[in-house]
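Letter by letter, the chains look like this.
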Amino acid sequence: MSDTLVTVIAILLAAIMMFVFPLLSVSERSDDISQLSVQTATAEFVDNSRSIGKITMDNYSKLVDTIYATGNSYDIEMEVKILDENIGKKSAWTQGTVIGENVYYSVYTSQIVEVLNESGIYNMKEGDIFSCSIKNTNKTLSQTIRGIFYSISSGDTYSIAAQHSGVCTANGSK
């Protein structure tokens, strides 16, 4: 009886080592590839938008298509910090680009998407700061496997994330 129990345990351990660990390794590589794809798409989207001075519906759709092609769902957050050129009535400065006197106000994802849906273009101007942050919202296969074997509760964590930002270098046409 003792030899049978040891044999069954050995077979179970061998099955885990032969099937589960390679599956975990492959699923983690899949997450790495998705991470790289999302990071590249985010950087291209932000750099293209800030270099032409506008966020277009075509570029936004291309970003969404690229990241959803990884098979995961994502939360996309965009922010445009708009340079306020009215630095105050009492100021003696003649330019709005004086260091220490620039004031920014923010426009967020819902407002940007609303403008994109209406006109297809969200215009920015030189000096505005555009940032985009993307996080996956679903549990990937590797997160599920790690959760089973390591007893890690990872409900609020994400394994695929990307962010990129930069200063707008051109004025979008109005």
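As shown above, the structure is provided for reference.
Fair warning: this is a prediction, and the values are worked out from it, not measured in the lab.

Conventions we followed
- Residues numbered from 1 in each chain as written.
- Predicted model: local features only at pLDDT ≥ 70, side-chain atom pairs only at ≥ 80, totals over all residues.
- Heavy atoms only, no water.
- Helix = DSSP H or I, 4+ residues; strand = E, 2+ residues; numbered from the N terminus.
- Contact = heavy atoms within 4.5 Å.
- Axes fitted to C-alpha atoms, helices over the stretch in contact; angles between N-to-C directions.
- Parallel < 35°, antiparallel > 145°, perpendicular 65-115°, else oblique.
- Left-handed = near helix turned anticlockwise from the far one by under 90°.
- Nonpolar A, V, L, I, M, F, W, Y, C, P; charged D, E, K, R; others polar.
- Phe/Tyr/Trp six-rings, centres within 6.5 Å; stacked < 30°, edge-to-face > 60°.
- Buried < 20%, exposed > 50% of the residue type's maximum accessible area, 1.4 Å probe, protein only.
- Core = buried A, V, L, I, M, F, W, Y, C linked by side-chain atoms within 4.5 Å.

**Brief notes about the environment of Lys 81**
Inspection of the secondary structure puts Lys 81 in strand β2 (residues 74-84). Separated by 22 residues in the primary sequence, Lys 81 and Val 103 have C-alpha atoms spaced 9.3 Å apart. Here Lys 81 is in contact with Tyr 104, Tyr 105, Ser 106, Asp 128 and Ile 129, once residues within four sequence places are set aside.

**A short note on the packing of helix α1 (residues 2-52) against helix α4 (residues 141-150)**
Two elements in contact, α1 and α4, have axes whose closest approach is 8 Å; the angle formed by their N-to-C orientations is 140 degrees. With respect to α4, the element α1 is oriented oblique. For the pair α1 and α4, the sense of crossing is left-handed. Side by side, α1 and α4 meet where Ile 16, Val 20, Leu 23, Leu 24, Ser 27, Glu 28 and Asp 31 of the first sit next to Leu 141, Ser 142, Ile 145, Arg 146, Phe 149 and Tyr 150 of the second. Looking at the contact of α1 with α4, its residues break down into eight nonpolar, two polar and three charged.

**With respect to the environment of Val 113**
Summarising the element assignment, Val 113 is placed in helix α3 (residues 109-119). For Val 113 and Met 78, which are 35 residues apart along the polypeptide, the C-alpha to C-alpha distance reads 9.1 Å. When neighbours within four sequence positions are excluded, Val 113 is seen to be in contact with Tyr 60 and Met 78.

**Describing the packing of aromatic side chains**
Inspection of every chain in the model, using the stated rule, returns three aromatic pairs. For the pair Phe 45 and Phe 130, a centre-to-centre distance of 5.7 Å together with 70 degrees between the ring planes defines the contact as edge-to-face. With Phe 45 in helix α1 and Phe 130 in strand β5 (residues 129-136), this residue pair connects regions lying 85 residues apart in the sequence. Judged on exposure class, the residue Phe 45 and its partner Phe 130 are both buried. With a centroid separation of 6.0 Å and an interplanar angle of 75 degrees, the aromatic rings of Tyr 68 and Tyr 74 are classed as edge-to-face.

**Considering the packing of α1 against helix α2 (residues 57-68)**
At a minimum axis distance of 9 Å, the contact between α1 and α2 shows a crossing angle of 175 degrees. Considering their axes alone, α1 and α2 lie roughly antiparallel with respect to each other. On α2, the residues that touch Ser 37, Val 38, Ala 41, Thr 42, Phe 45, Asn 48 and Ile 52 of α1 are Asn 59, Tyr 60, Leu 63, Thr 66 and Ile 67. Grouping the amino acids of the contact of α1 with α2 by side-chain chemistry returns seven nonpolar, five polar and no charged.

**What about the nonpolar core?**
Ranked by size, the top nonpolar core spans 24 residues in total, and within it Phe 45, Ile 55 and Tyr 122 carry the most contacts. Elements that contribute at least two residues to this core include exactly α1, α2, β2, α3 and β5. Broken down by element, this core gets its largest block of residues, five residues, from β2.

The analysis is restricted to geometry; functional conclusions fall outside its scope.
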